[in-house]
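Topology and contacts: notes
Read off the chains here:
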Amino acid sequence: MTYKNILVHQERELGFIKLNRPEQRNALNIETLQEIEKALEEIKANQDIRVVVITGSGEKSFAAGADIKELNKRTMIEALQPNMTATFRKIEEYEKPTIAAINGYALGGGLELALTCDIRVASLNAKMGLPEVGLGIIPGAGGTQRLSRTIGKGKAMELILTGEVISAEEAKDIGLVSAAVPQEELIEKAKEYASKISIKGPLALRLAKTAVNRGIDVEMETALYLEKLSQTILMGSYDKQEGTQAFLDKRKPHFKGE
Ligand code: CO8
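Keep in mind it's a predicted model, so treat the numbers as computed, not measured. (Residues numbered from 1 in each chain as written. Predicted model: local features only at pLDDT ≥ 70, side-chain atom pairs only at ≥ 80, totals over all residues. Heavy atoms only, no water.)

1. What to know about the overall build of the chain
Along the backbone of the chain there are twelve helices and ten strands. For the chain, the C-alpha radius of gyration of 19 Å lies close to 18 Å, the compact-globule estimate for 258 residues. Oriented by its inertia axes, the alpha-carbon framework of the chain measures out at about 60 × 40 × 35 Å. The 258 residues of the chain split such that 42% are buried. Averaging the coordinates of the 35 positive side-chain charges in the chain and doing the same for the 36 negative ones gives two points 2 Å apart. (Helix = DSSP H or I, 4+ residues; strand = E, 2+ residues; numbered from the N terminus. Rg over C-alpha atoms; globule rule 2.2 N^0.38 Å. Buried < 20%, exposed > 50% of the residue type's maximum accessible area, 1.4 Å probe, protein only. Lys, Arg positive; Asp, Glu negative; His and termini not counted. Charge placed at Lys NZ, Arg CZ, Asp CG, Glu CD.)

Below, the structure written as structure tokens:
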């Protein structure tokens, strides 16, 4: 499939979605969000792809947020319609693990997009922040919730209220990204994480994501039960039998995701 605002390609077990509006600093307009959703569907159907990397084209920007030209025209009623929030939820709930490779500015909706990914790595020139209050709106595509769940309420509140933009190194210090590396090593770093993940049991990865993402929003008793049910499903899976048997046979497992 060809797209106008993104580039999609596959490298062995890795699927890449690259935001490709560099002249607009990869700002996320509605069309781009729709294309991301289509690409996710395309990649879901491809059994060979085990991990998805989302990144931006060029060396300046991952995504400079929602398209402010569109926001400027958006009405109250339009804001009620399924929008960026819905697309981002699909990424967060995606059945394959996702990695954001933040190659430059990740501002507003751009950072909110990165926050929906399971792992974030950044280039040293990257700058991250939620500057929405400066535009008279809030980080309304999950930012108020996902940033506080990722780095804790205190620091999230500081970044949201001041709109301060931080460096990749500071983002690493506060646990917003897992690694900060020179731009030319960024994709390699993302691939490093992906290659560790892609040899693991796909069904286990999927249920681990669900247990973490759903468990964090409910009280401990329910969260632990959700974890237990996930494990119960896995106990009946081919992958569990294969994974444990491979260990006992001293060989590599061949998982099927079932
Ligand atoms: N939207 C639209 N166009 C943009 C955006 C954007 N977010 N960011 C940059 N552009 C455009 C500029 O307008 C400019 O266009 P033109 O060449 O036609 O004048 C072009 O990209 C290049 O921009 P700059 O000249 O400013 O490039 P710099 O490299 O000097 O600066 C920055 C890059 C720092 C990224 C700067 O462009 C900037 O500050 N951009 C805006 C960042 C921002 O405020 N983002 C938050 C947007 S609001 C948001 O994301 C809300 C999300 C939640 C909404 C939920 C709705 C459902």
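2. Quick look at a nonpolar patch on the surface
A surface patch of nonpolar side chains, amounting to about 270 Å² of accessible area, comprises Ile 68, Leu 135 and Ile 137. By secondary structure assignment, the location of Ile 137 is in the loop between strand 8 (127-129) and helix 6 (143-151). (Patch = residues over 30% accessible without salt bridge, like charges linked within 9 Å, V, L, I, M, F, W, Y side chains within 5 Å. Areas by Shrake-Rupley, 256 points an atom, 1.4 Å probe, with all protein chains shown as cover. Salt bridge = Lys/Arg side-chain N within 4 Å of Asp/Glu carboxyl O.)

3. Side note on the environment of Glu 11
Counting through the fold element by element, Glu 11 comes out in strand 1 (residues 6-11). When the C-alpha positions of Glu 11 and Thr 87 are compared, they lie 24 Å apart, and in sequence the two are 76 residues distant. Beyond its immediate stretch of four places on either side in the chain, Glu 11 contacts Phe 16 and Lys 191. (Contact = heavy atoms within 4.5 Å.)

4. Digging into the side chain of Ser 57
Position of Ser 57 relative to the elements: it lies in the loop between strand 3 (51-56) and strand 4 (61-63). A residue is classified by how much of its surface remains accessible, and Ser 57, at 9% relative accessible area, is buried. With residues near it in sequence (within four places) discarded, Ser 57 still touches Lys 18, Leu 19, Asn 20, Arg 21, Pro 22, Asn 26 and Asn 103.

5. Observations concerning the nonpolar core
Grouped together as the largest cluster of nonpolar side chains are 43 residues, with contacts concentrated most on Leu 28, Phe 62, Ile 102, Met 128, Leu 147 and Leu 176. The biggest single contributor to this core is helix 1 (residues 30-44), with five residues. Dropping the residues within four chain positions of it, Leu 176 is found in contact with Leu 111, Leu 115, Arg 120, Met 128, Leu 147, Ile 151, Ile 166 and Ala 171. Counting residues in each nonpolar core, the second largest holds 14 residues, with Phe 16, Ile 99, Leu 186 and Ala 190 among its members. (Core = buried A, V, L, I, M, F, W, Y, C linked by side-chain atoms within 4.5 Å.)

6. Description of the site of the ligand
Around the ligand, 23 residues are found, and the nearest of them are Arg 25, Ala 64, Ala 66, Ile 68 and Gly 109. At 2.7 Å, a backbone N or O of Gly 109 approaches an oxygen atom of the ligand. Put simply, the parts of the chain that give the shell around the ligand at least two residues each are helix 2 (68-73), strand 6 (105-107) and helix 5 (109-116). Grouping the constituent residues of the shell around the ligand by class yields eleven nonpolar, six polar and six charged. (Near = heavy atom within 4 Å. Polar contact = N/O pair within 3.5 Å; in protein donor to acceptor, adjacent residues only side chain to side chain. Nonpolar A, V, L, I, M, F, W, Y, C, P; charged D, E, K, R; others polar.)

7. Quick look at the packing of helix 10 (residues 202-215) against helix 11 (residues 220-235)
Following both chains from N to C, one finds helix 10 and helix 11 inclined at 170°, their axes separated by 9 Å at the closest point. One element, helix 10, and the other, helix 11, form an angle in the roughly antiparallel class. Note on element contacts: helix 11 touches helix 10 through Ala 223, Leu 226, Ser 230, Ile 233 and Leu 234, opposite Leu 203, Ala 204, Leu 207, Thr 210, Ala 211, Arg 214 and Gly 215. Here the contact of helix 10 with helix 11 is built from residues that sort into eight nonpolar, three polar and one charged. (Axes fitted to C-alpha atoms, helices over the stretch in contact; angles between N-to-C directions. Parallel < 35°, antiparallel > 145°, perpendicular 65-115°, else oblique.)

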